[in-house]
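Okay, here's what each chain looks like letter by letter:
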Amino acid sequence: MNTRGLRSQLKDSVPVAGLCPQGAYGVQDSLRSGFTSVKNELLPSHPLELSEKNFMLNQDKMNFSSLRNIQGLHAPLKLQMEYRAARQIQRLPFLQSSNLALDTLRGNDESIGFEDILNDPTQSEMMGEPHMMVEYKLGLM
């Protein structure tokens, strides 16, 4: 096994410690963060898995660089500002947000994808008490 290639894959992966927030007693708070999954702690099984995980980010970088070369520095900065504003529009923490404004900016509003069919909010495993979730998001707890 080529350990040099594995090291570069690990460097690009998300640290596991950030995925499992710890509660007050050093145990994961399953009520707020859901159940742990062993799949999150495993290394990528295929070399293209990291590329597929970061596909949208890489595509945005490529689009921004080509937009910068064609229209100048102001165009990608304006588009990034619009993306950031559209990402901040959210519903309350216990309600599923559709991110319609972000989909419209990216051009994904006219296409039907895998996540549109199998990402049904009614089948979500994360459901908690609404008042507690809002207080946690606002930092009152």
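Anyway, here's the lowdown on the structure attached to this text. Bear in mind the structure is a predicted one, so any value in this text is a computation, not a measurement. (Residues numbered from 1 in each chain as written. Predicted model: local features only at pLDDT ≥ 70, side-chain atom pairs only at ≥ 80, totals over all residues. Heavy atoms only, no water.)

**Some words on the overall build of the protein chain**
Selection criterion: Helix numbers and strand numbers start at the N terminus; a helix is a DSSP run of H or I with at least 4 residues, a strand a run of E with at least 2. We call a residue buried when its accessible area falls under 20% of the maximum for its residue type, exposed when it is over 50%, and partly exposed in between, using a 1.4 Å probe and counting protein chains only. Here a residue-residue contact requires only that any non-hydrogen atoms of the pair lie within 4.5 Å. Shrake-Rupley sampling with a 1.4 Å probe provides the accessible areas, and residues are treated as covered by the protein chains on show and by no other component.
From N to C terminus, the protein chain includes nine helices and zero strands. Ordered by position from the N terminus, the helices and strands of the protein chain form the series α-α-α-α-α-α-α-α-α. Within the span of the protein chain, comprising 141 residues, buried residues form 11% of the whole. Contacts in the protein chain between residues at least 24 apart in sequence constitute 42% of all its contacts with a sequence separation of at least 6. Surface accessibility of the protein chain: about 12000 Å² in total, with carbon and sulfur atoms responsible for 57%.

**Here's the deal with the packing of aromatic side chains**
Cut-off, in case you're wondering: Any Phe, Tyr or Trp ring, taking Trp's six-membered ring, that has another such ring centre within 6.5 Å forms a pair; planes under 30 degrees apart are called stacked, those over 60 apart edge-to-face, and the others tilted. By definition here, charges over rings are those cases where NZ of Lys or CZ of Arg is within 6 Å of the ring centre and within 35 degrees of the ring normal.
Following the criterion strictly, the structure yields one aromatic pair and no others. Relative to Tyr83, the ring of Phe64 has its centre 5.9 Å away and its plane inclined at 45°; by these criteria the two rings are tilted. Note that Phe64 is positioned in helix H5 (residues 55–71) and Tyr83 in helix H6 (residues 74–88), a separation of 19 residues in sequence. Taking the relative accessible area as the measure of exposure, Phe64 reaches 14% and is therefore buried. Here Tyr83 falls in the buried class, since its relative accessible area comes to 7%. Over the aromatic face of Tyr83 sits the side chain of Arg106, whose NZ or CZ is 5.1 Å from the ring centroid.

**So, the environment of Ser33**
Position of Ser33 among the secondary structure elements: in helix H2 (residues 30–33). A relative accessible area of 27% means that Ser33 is categorised as partly exposed. Separated by 95 residues in the primary sequence, Ser33 and Gly128 place their C-alpha atoms 9.9 Å from one another.

**A short note on H5**
Under the convention used in this document: Helix span is expected to be 1.5 Å times the residue number reduced by one.
Compared with the 24 Å implied by 1.5 Å per residue over 17 residues, the 24 Å span of H5 between its first and last C-alpha is a close match. Of the residues one or two after H5, Gly72 is the one with positive phi, at around 110°.

**With respect to the side chain of Asp60**
Definition in use: Whenever two N or O atoms come within 3.5 Å, that pair is a polar contact, provided that in protein one can donate a hydrogen and the other can accept it, and provided that, for residues adjacent in sequence, both atoms are side-chain atoms.
Mapped onto the elements, Asp60 comes out in helix H5. For Asp60, a relative accessible area of 12% corresponds to the buried category. A polar contact of 3.1 Å, which involves the side chain of Asp60, links it to the side chain of Arg106. Beyond its immediate chain neighbours, meaning those up to four positions away, Asp60 contacts Tyr83 and Arg106.

**Details of the packing of H5 against H6**
So the rule is basically this: For helices, the fitted line uses only the C-alpha atoms of the stretch in contact; every axis is such a line through C-alpha atoms, and the angle between N-to-C directions lies from 0 to 180 degrees. Working definition: roughly parallel below 35 degrees, roughly antiparallel above 145 degrees, roughly perpendicular at 65 to 115 degrees, and oblique for all remaining angles.
Put simply, H5 and H6 touch, their axes get as near as 7 Å, and they point 140° apart. On the basis of their axis angle, the class for H5 and H6 is oblique. Between H5 and H6, the contacting residues are Asp60, Phe64, Leu67, Arg68 and Gln71 on the first element and His74, Ala75, Pro76, Leu79, Gln80 and Tyr83 on the second.

Honestly, it's all geometry; don't read function into it.
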